[in-house]
Amino acid sequence: MLLITELLLINVFAVLDLFFFYVFFESVLIPMFIIIGVWGSRQRKIHAAYQFFFYTLFGSILMLLGIIVIYFQSGTTDIQLLSQLEFSESRQVVLWLAFFASFAVKVPMLPVHIWLPEAHVEAPTAGSVILAGVLLKLGTYGIIRFMIPMFPYAMYYFTPLVFTLCVIGILYSAATTIRQIDLKKIIAYSSVAHMNFALLGLFTNNTQGIEGSLFFMLGHGVVSSALFLCIGILYDRYHTRNILYYGGLVQVMPIFSLFFLVFTLANLGLPGMVNFVGEFLVLIGTWKVNTTVIVLASIGLILGAVYAIWFYNRLVFGQVRFYSLQKFSDVTRREFFLLLPLFIMVFVMGIYPVLFLDTFSISVNNYISYSTF
């Protein structure tokens, strides 16, 4: 199922036809549905699999209708030919909403984010890693690949709406994360906040905002995947994800605690680590467009530091729980070499981001000049 998912994802990012993009975009649902429903870890896995499937499917029906409208107007679904066409302002508004309904579910944005925490909690570790690392980026990829270049007028028309939804999503998700007791739900809700923050940068239409958003998505894929791997390591040993059963892990799992500390600090955006670069660029880009939005979004970053530090403190420090002493082996060699590349990437991308930013800076500048209304 993972290999089939990989095959479909490669096609999603490589295809140059709008209809085939839709086909592969939707086909990714099938192997993920099976991964969650068959290899999920708890009894609610069937409920979570169906919720994930139907939320994404119903959101995409509107995009299919939009693709049909585009085909009947232009006679083609080739992306390179469509980029030369200009749609009327009223047509852009309708098509933008149709596409946005699909991509907003995938990001996810409020109020269609409910499927993500459920899917993460019930999915096996491999499913959570591929879901957080790649699948969430399909929504933002669709926005930057199709919506903004094809519907520039609608982009400016709906930018206030997107900014409002993103700010609400950031604040709500960060506040909700603080009260979670399931280890995976904490990471899942923080993913909702981070992806909404990345979406802010895409709608700034300036170099710093879009580059920051792209870099932040890369960083989120590394850090969020690493955190889900860490939670999977704990679940393999203790067979529970309730944080109330944990405490004092630094005394029995010191190497794991070091890995987890680095990934937690990267998740809250500590300078010198990967997420800081993306967050800083998005802040600069959005500041040029709307200062109120970025002030409110920054409150979400502060709340992010609150839940990340509190989460780590409850899990790793404090009194050793009796439950934790039943099987207190540290990370195995296999787990160590699984986490090590992600550990290295956190610092490489945080200290030397130019390695990645230079790669897509030319494309971003061309994209901005092309999509300016």
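Everything numeric in this text was worked out from a predicted model, so none of it was measured. (Residues numbered from 1 in each chain as written. Predicted model: local features only at pLDDT ≥ 70, side-chain atom pairs only at ≥ 80, totals over all residues. Heavy atoms only, no water.)

### Section: the overall build of the protein chain
When its secondary structure is counted, the protein chain shows 18 helices and 0 strands. Over its C-alpha trace the protein chain gives a radius of gyration of 21 Å, about what one expects of a compact globule, namely 21 Å for 373 residues. In terms of overall dimensions, the protein chain has C-alpha extents of about 65 × 40 × 35 Å along its principal axes. Looking at the protein chain residue by residue over its 373 residues, the buried ones come to 57%. Restricting to contacts in the protein chain with at least 6 residues of sequence separation, those with at least 24 account for 81%. Carbon and sulfur atoms make up 70% of the accessible area of the protein chain, which amounts to about 15,500 Å² in all. (Helix = DSSP H or I, 4+ residues; strand = E, 2+ residues; numbered from the N terminus. Rg over C-alpha atoms; globule rule 2.2 N^0.38 Å. Buried < 20%, exposed > 50% of the residue type's maximum accessible area, 1.4 Å probe, protein only. Contact = heavy atoms within 4.5 Å. Areas by Shrake-Rupley, 256 points an atom, 1.4 Å probe, with all protein chains shown as cover.)

### A few points about the pattern of salt bridges
All chains considered together, the criterion is met by 2 salt bridges. Between Asp 182 and Arg 241 there is a salt bridge, with its nearest N and O atoms 3.8 Å apart. Residue Asp 182 is located in the loop between helix H10 (152-178) and helix H11 (183-202), and its partner Arg 241 is located in the loop between helix H12 (207-238) and helix H13 (249-252); the two are separated by 59 residues in the primary sequence. Arg 241 matches Asp 182 in its accessibility class, with the two residues each being buried. One salt bridge connects Glu 335 with Arg 237, and the closest N-O pair in it is separated by 2.9 Å. Of this pair, Glu 335 sits in helix H17 (residues 333-351) while Arg 237 sits in helix H12, and the two are 98 residues apart along the sequence. The class for Glu 335 is buried, based on a relative accessible area of 7%. The class of Arg 237 is buried, set by a relative accessible area of 9%. (Salt bridge = Lys/Arg side-chain N within 4 Å of Asp/Glu carboxyl O.)

### So, the side chain of His 220
With respect to the helices and strands, His 220 occurs in helix H12. When its relative accessible area of 2% is taken as the criterion, His 220 is described as buried. Setting aside anything within four residues of it in sequence, one finds His 220 in contact with Ala 132, Leu 136, Lys 137, Ser 191, His 194, Met 195, Ser 225 and Asn 275.

### Observations concerning the packing of helix H7 (residues 115-122) against helix H8 (residues 125-135)
Where H7 contacts H8, the two axes come as close as 8 Å, and the packing angle between them is 145 degrees. Contact residues: Trp 115, Leu 116, Ala 119 and His 120 in H7; Ser 128, Leu 131 and Ala 132 in H8. Looking at the contact of H7 with H8 residue by residue, the class counts come to 5 nonpolar, 2 polar and no charged. (Axes fitted to C-alpha atoms, helices over the stretch in contact; angles between N-to-C directions. Nonpolar A, V, L, I, M, F, W, Y, C, P; charged D, E, K, R; others polar.)

### What to know about the packing of aromatic side chains
Tallied over the entire structure, the rule returns 36 aromatic pairs. Considering the side-chain rings of Phe 53 and Phe 54, the 5.7 Å spacing of their centres and the 90 degrees angle between planes classify their relative orientation as edge-to-face. Ring plane angle 20 degrees and centroid distance 5.7 Å describe the contact between Phe 276 and Phe 280, whose orientation is recorded as stacked. Here Phe 276 pairs with Phe 280, and both are found in helix H15 (residues 274-287), just 4 residues apart, close to one helical turn. (Phe/Tyr/Trp six-rings, centres within 6.5 Å; stacked < 30°, edge-to-face > 60°.)

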